[in-house]
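# Tertiary structure, described
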Amino acid sequence: MTRHRMLARMLITQLRLRFLVALIALILGTAALTLLFLVAWHRRGDTYALALGALLSFFASVITASVTLTYLHVSRRSLAAAETAIALQREQWEARLTVQPRFWMGIRTESADRFAHRPITITCRRDRADNGQYYYDTINWPQIVVDVWNDAERSFRLSAYRLWVRDEEHLAIERPLSGFVVPPNELRSFAVT
């Protein structure tokens with residue numbers, strides 16, 4: 001009894017119930033049509049049996065064609081689902097490999113970063129509007145840094161930077177950066193003062 005139970009459990013768990021029902025219906029239909037053919041052959045003769053055999057062959061070819069078309073339809077749907085999954089995985093992989101850094105520029109104060117450089121003292125010329133004379137003034141220029149965030153899975157190398165001054169025409173600063181690499185998921189800063 002245990003072998004029959006194991007076989008029944010295997011059939012129910014390993015095969016789908018719909019497939020099992022269709023298999024049983026196909027076996028019963030084949031047995032019924034075989035009996036019908038044999039009975040008709042013995043009762044009515046060879047000509048009727050040949051006609052019935054041709055009819056049954058036609059039904060068999062229709063069933064084969066419908067099963068083939070169903071298989072093609074199901075495999076086409078599963079192929080489309082697989083292609084969609086592959087495209088999604090490709091997008092996720094490219095998003096992980098594509099480096100899209102983010103940049104922020106700000107003034108670094110000594111209180112914010114104890115290792116920051118002291119402000120630079122610069123001398124500039126100031127013009128007086130009333131009489132057209134000028135004088136030189138000394139001001140402290142704060143330390144300006146650019147923060148670079150790399151959230152990709154690959155390192156990012158920044159070879160140079162170019163800054164434009166707002167509301168000034170043709171005033172840009174461009175400098176090379178030697179060996180400035182931002183590792184994956186890290187924030188690095190460089191001074192632009």
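These lines cover the structure that appears in this document, whether it is placed above or below. On a predicted model such as this, the values are computed, not experimentally measured, just so you know. (Residues numbered from 1 in each chain as written. Predicted model: local features only at pLDDT ≥ 70, side-chain atom pairs only at ≥ 80, totals over all residues. Heavy atoms only, no water.)

This part covers helix H3 (residues 46-97). Counted at 1.5 Å a residue, the expected span for H3 with its 52 residues is 76 Å, and the 74 Å between its end C-alpha atoms agrees. Of all the positions in H3, only Ala49, Leu52 and Leu56 are classed as buried. (Helix = DSSP H or I, 4+ residues; strand = E, 2+ residues; numbered from the N terminus. Expected span 1.5 Å × (residues − 1). Buried < 20%, exposed > 50% of the residue type's maximum accessible area, 1.4 Å probe, protein only.)

What follows deals with the sheet that holds strand E7 (residues 186-191). The strand order across the open sheet formed by three strands is E1-E4-E7, and the pairing between neighbours is antiparallel. Edge positions in the sheet fall to strand E1 (102-108) and E7, since each has one partner strand and no second. Neighbour to neighbour, the strand axes of the sheet diverge by 25° on average, direction disregarded. (Pairing = 2+ DSSP bridges. Axes fitted to C-alpha atoms, helices over the stretch in contact; angles between N-to-C directions.)

Before going further, it helps to spend a moment on unusual backbone geometry. In this model, Asn185 sits at a positive phi of 55°, which is unusual for a non-glycine residue. Within the fold, Asn185 resides in the loop between strand E6 (172-182) and E7.

So, about a nonpolar patch on the surface. Together, Leu55, Phe58, Phe59 and Val62 make up a nonpolar patch on the protein surface, roughly 360 Å² of accessible area in all. Mapping Phe58 onto the fold places it in helix H3. In this structure Phe58 comes out as partly exposed when scored by relative accessible area, which is 48%. (Patch = residues over 30% accessible without salt bridge, like charges linked within 9 Å, V, L, I, M, F, W, Y side chains within 5 Å. Areas by Shrake-Rupley, 256 points an atom, 1.4 Å probe, with all protein chains shown as cover. Salt bridge = Lys/Arg side-chain N within 4 Å of Asp/Glu carboxyl O.)

Bringing the pattern of salt bridges into the picture now. A full pass over the atoms with the stated rule returns five salt bridges. Among the salt bridges present, the one from Arg162 reaches Glu174, with a minimum N-O distance of 3.9 Å. Here the residue Arg162 occupies a position in strand E5 (residues 156-164), and Glu174 occupies one in strand E6, the gap between them amounting to twelve residues. Arg188 serves as the salt-bridge partner of Glu186, at 3.2 Å between the closest nitrogen and oxygen. According to the relative accessible area criterion, Glu186 is partly exposed, its value standing at 31%.

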